[in-house]
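# Structure assessment
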Amino acid sequence: MTIGIPVSIQTAPLLKQWVQLLEDGRFQIYSGKVELGQGISAALVKVVCEELCIHPRQVDLVAGHTAYSPDEGYTAGSLSIEVGANALRHACVYMRQLFALHAAELLAVSLEDLSLAQGMFNSVNSKEKIGFHALAKNINYALVRVDAPLDKSRDVKKLVRLPDKEFTRFDLRDKFTGPGFIHDMVRGNMLHARILRGPHTESRARHVDVAHLRTLEGVTELVIQGDFIAILGPDEAKLLRAYEKAYATIEWQLPNLPAFQEIETLLTSLPSVDEKVVSQGKALPFSQRITRRYSKPYIAHASIGLACALAEPMCHSSNKVGLTVYTHSQGVFKLKQEIANTLGLSLDTLDVVHRPGAGCYGHNGADDVAFDAAFLAHHLQVPVRVQWTRQDEMCVSPVGSASLVELSAGLSDQGRIVDWQAQVWSHSHLNRPGWLPGINLLGAWALNPETPRPVQKDQVLPTGGGLRNIIPYYELPALEVMHHFIPQAPLRVSALRSLGGFANTFAIESFMDELAEVSKVDPLEFRLRHLSDPRAKNVLQATADSAKWHARGSGGDGNGCGIAFGRYKNHAGYCAVIVQLEVRESIHLQEVWCTVDAGRIVHRDGLLNQIEGGLLQAISWTLKESVKWGPSGITSHSWDTYSILGFDEIPQLHIELVEASDQPSIGAGEVAAGPIAAAIANAVHHALGIRPRHLPLTPDRLLQLIHSQG
């Protein structure tokens, strides 16, 4: 039996690009997938330890370092395990098989008699043992290619499997005690920097009093080039005070923004490129047609920590002076290319190195602040650390695109869906640096207004950007999807966790409840009758059993119970959610039950953390979050004006993971977002009898809805 070649192996085909044996007896492993707080580092180490039968203390991980790591694209899309871990596993299995052949020959035993335990090959027919490092003396493994299918018949018995508790998050100790984040990095002769930016991405300073800025206490360097304005100094506390004084002196010129209004009104008023992207099947006769619209607003990343980067001039292997840039970007290789292009650096004089930073849920300010630091360090030839302000985070960092979804379905007399039509209005959901031709870095645009920007487009199906998950996972005789792509947005938009999957799953699962109500069928039963995939049915039924769904009652008394399901991207993880809530002056979630099938579980604790984090973030989106603007720019520029879920609002979570060790690992980091939003909306309907279709479900919006339906 042969096993195919993972996609990352095809681009990094040498064994040494994944594993190297160090002289001190340790194993150094490499990955292009980086630690963003999702626990991927522990999972990657566990994969290596499982396949090479070694202990995690023997392993060093180098991830997201452009000088050493394989280029695996972005750490995004719930693909770290599915792609990154799968590639590393393939390389380690290949290494194990290669070294086993030499061990069998050296020990004069058959491959079938050989076993591997604690990193040592041995056999019952030989008293000798030999490990990887000893065998490497006779194997030029650095030149070995691993871009070939694996043959399981060449394998050896693995006798040791360490428990999950041995693979704790080794990145957490430093984070808890102080030096674990990029914000904590210090260099000799380092300058701190703050960039003066307005309340909108496209805002420009009308006039800068250069003489005044130079006199501010704490400012030792002032860099102004084009619209790029930076103050720098060795004392960060003094620099912050100087920044506040400097900012107060600047009047900002703002772009012409459309008035802040309901998303449905806004998006349908903007010019769009319209295309029917799906048309399949033939509609059966129906007795009635139901049409509804749902929407989500623009949403900020709202990381509690601020974007930060450090860059320093370095002498590289080519003996040329270049730069090393430390960043919490999700795509260090793409960022490296854009920094090099903008600053005119050759790639061999630039290294971009990932370091943990603030919570990263897509394309936030990490790439932009890295360019800020790179430009200043290159310009001044000293180490420079740049940290953004809260206003920068809220006003100029990319936000998640708003979406409007219209769904229409024909129902038969038997309560079956016989026709389904969908329309989506939205912008691009993917504007990461390096994804399209052009430069997508805020600082580069400020330095030179002629910098070519990427032409706006969106990712096409089946993966989709704004269309992600717009095709229901249910059995439908006929399906049509119309995409109204809106190139120009009032805000800077890009990738945010789950992309369009959040809005589309929210819409589909809210609509399924509405169709169930019209059909006079229980919402769980209605979903099950339209599903054929047993794994989808299983997560729904398991969640219903855990939450005692059939005992939920008739509702209408302010207490509600709602259900929803989704399979992320229609080919990644399965997720079913039930919420129990109470509606008083606002919505209070009490309990959440969630079942996830992500295939083979690599690191259980990490997966649980991912699901838990995804649920809580999407609860915050659903109940609270919305970017607002006015004539003065972004007005939701602080925690006072942009609310997120508080610790005192967290419900009790019951998360169940399906054991599917016979299935491949599939992405799970983003599976919970859409289902939890729809489950909340469905529970509100159960509690009050009103149907919320537009997010966020704030007290004011609920009150308006009650009055409009009263």
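An account of the accompanying structure is given in this report. On a predicted model such as this, the values are computed, not experimentally measured, just so you know.

Thresholds applied
- Residues numbered from 1 in each chain as written.
- Predicted model: local features only at pLDDT ≥ 70, side-chain atom pairs only at ≥ 80, totals over all residues.
- Heavy atoms only, no water.
- Helix = DSSP H or I, 4+ residues; strand = E, 2+ residues; numbered from the N terminus.
- Rg over C-alpha atoms; globule rule 2.2 N^0.38 Å.
- Contact = heavy atoms within 4.5 Å.
- Areas by Shrake-Rupley, 256 points an atom, 1.4 Å probe, with all protein chains shown as cover.
- Lys, Arg positive; Asp, Glu negative; His and termini not counted.
- Charge placed at Lys NZ, Arg CZ, Asp CG, Glu CD.
- Buried < 20%, exposed > 50% of the residue type's maximum accessible area, 1.4 Å probe, protein only.
- Pairing = 2+ DSSP bridges.
- Salt bridge = Lys/Arg side-chain N within 4 Å of Asp/Glu carboxyl O.
- Phe/Tyr/Trp six-rings, centres within 6.5 Å; stacked < 30°, edge-to-face > 60°.
- Axes fitted to C-alpha atoms, helices over the stretch in contact; angles between N-to-C directions.
- Parallel < 35°, antiparallel > 145°, perpendicular 65-115°, else oblique.
- Left-handed = near helix turned anticlockwise from the far one by under 90°.
- Nonpolar A, V, L, I, M, F, W, Y, C, P; charged D, E, K, R; others polar.
- Core = buried A, V, L, I, M, F, W, Y, C linked by side-chain atoms within 4.5 Å.
- Expected span 1.5 Å × (residues − 1).
- Polar contact = N/O pair within 3.5 Å; in protein donor to acceptor, adjacent residues only side chain to side chain.

### So, the overall build of the protein
Looking only at helices and strands, the protein features 18 helices and 31 strands. A globule of 710 residues ought to have a C-alpha radius of gyration of about 27 Å, and the protein, at 27 Å, matches this closely. Dimensions along the principal axes, computed over C-alpha positions, put the protein at roughly 80 × 75 × 45 Å. Counted over contacts in the protein with a minimum sequence separation of 6, partners at least 24 positions apart contribute 77%. Of the accessible surface of the protein, which amounts to about 28,200 Å², a share of 50% is contributed by carbon and sulfur atoms. Once the 65 positive and 74 negative side-chain charges of the protein are each reduced to a mean point, those two points are 2 Å apart.

### A word on the environment of Glu-128
With respect to the helices and strands, Glu-128 occurs in strand S7 (residues 126-131). Judged by its relative accessible area of 52%, Glu-128 is exposed. Sequence spacing of Glu-128 and Gln-10 is 118 residues, and the spatial spacing of their C-alpha atoms is 37 Å.

### Let's talk about the pairing of strand S26 (residues 559-567)
A large share of S26 lies buried, amounting to eight of its nine residues. Note: S26 against strand S27 (residues 574-583), nine bridges, orientation antiparallel. Looking at S27, one finds that Ile-563 is bridged to Ile-578. In this antiparallel pair of consecutive strands, S26 and S27, the connection spans six residues, and Lys-569 shows a positive phi of 60°.

### Let's talk about the pattern of salt bridges
Taken as a whole and judged by the stated rule, the model has 33 salt bridges. Of the charged contacts in the structure, one is a salt bridge between Arg-204 and Asp-227, with a shortest N-O distance of 3.1 Å. One end of the pair, Arg-204, is in strand S11 (residues 204-205); the other, Asp-227, is in the loop between strand S12 (221-225) and strand S13 (228-233), and 23 residues separate them in sequence. Here Glu-406 makes a salt bridge to Arg-293, at a shortest N to O gap of 2.7 Å. With a gap of 113 residues between them, Glu-406 in strand S22 (residues 403-411) and Arg-293 in strand S16 (residues 288-296) connect regions that are remote in the sequence. Judged by relative accessible area, Glu-406 falls into the buried class, the value being 17%.

### Observations concerning the packing of aromatic side chains
Across all of its chains, the model carries 16 aromatic pairs by this definition. Where Tyr-294 meets Phe-506, the ring centres are 6.1 Å apart and the plane angle is 85°; that geometry is what we call edge-to-face. Note that Tyr-294 is positioned in strand S16 and Phe-506 in helix H13 (residues 501-519), a separation of 212 residues in sequence. Under the relative-accessibility criterion, Tyr-294 is labelled buried at 1%. What makes Phe-506 buried here is its relative accessible area of 1%. A ring pair is formed by Tyr-473 and Tyr-574, whose centres lie 6.1 Å apart and whose planes are at 80°; its orientation type is edge-to-face. Residue Tyr-473 is located in the loop between helix H12 (442-447) and strand S24 (478-485), and its partner Tyr-574 is located in strand S27; the two are separated by 101 residues in the primary sequence.

### Describing the packing of helix H9 (residues 332-343) against helix H10 (residues 366-380)
Axis separation between H9 and H10 bottoms out at 11 Å; the angle between their running directions is 40°. By the angle between their axes, H9 is oblique relative to H10. Crossing hand, H9 versus H10: right-handed. Along the contact surface, H9 presents Leu-335, Ile-339, Thr-342 and Leu-343, while H10 presents Asp-367, Ala-370, Phe-371, Ala-374, Phe-375 and His-378. For the contact of H9 with H10, the residue count by class is seven nonpolar, two polar and one charged.

### Focus: the nonpolar core
With 150 residues, the main nonpolar core has Tyr-298, Leu-376, Trp-420, Leu-581 and Ile-680 as its most contacted residues. With sequence-adjacent residues up to four places away left out, Leu-376 is seen in contact with Ala-193, Ile-195, Val-223, Phe-228, Ala-230, Leu-232, Gln-381, Val-384 and Val-386. Residues Leu-15, Leu-114, Ile-130 and Tyr-141 belong to the second largest nonpolar core, which totals 50 residues.

### Things to note about helix H17 (residues 673-688)
The end-to-end C-alpha distance of H17 is 23 Å, a good match for the 22 Å that 16 residues give at a rise of 1.5 Å each. Taken across its 16 residues, H17 has 15 buried, putting it largely inside the fold. Trailing H17 by a residue or two, Gly-689 shows a phi angle of about 85°, which is positive.

### Thoughts on the sheet that holds strand S2 (residues 19-21)
Sheet architecture is open: three strands sit in the order S2-S3-S4, paired in mixed fashion. The open sheet has two edge strands with one neighbour each: S2 and strand S4 (59-63). Strand-to-strand twist of the sheet, defined as the mean angle between neighbouring strand axes without regard to direction, takes the value 20°. Pairing geometry for strand S3 (residues 27-31) and S4, over five bridges, is parallel. From the neighbouring strand, Tyr-30 faces S4, where its bridge partner is Val-62. The strands touched by helix H3 (residues 80-107) are S2 and S3; relative to S2, the strand with the most contacts, the crossing angle is about 45°.

### A few points about H13
Here H13 spans 26 Å end to end across 19 residues, near enough to the 27 Å set by a 1.5 Å rise per residue. Most of H13 is tucked away, with 17 of its 19 residues classed as buried. Directly beyond the C-terminal end of H13, a positive phi value near 55° is found at Lys-520.

### With respect to the side chain of Lys-46
Mapping Lys-46 onto the fold places it in helix H2 (residues 40-52). Under the relative-accessibility criterion, Lys-46 is labelled buried at 3%. Within the local environment of Lys-46, its side chain forms a polar contact with the backbone oxygen of Val-602, the two atoms lying 2.7 Å apart. Excluding its chain neighbours within four sequence positions, the residues that come into contact with Lys-46 are Asp-164, Phe-167, Val-602 and His-603.

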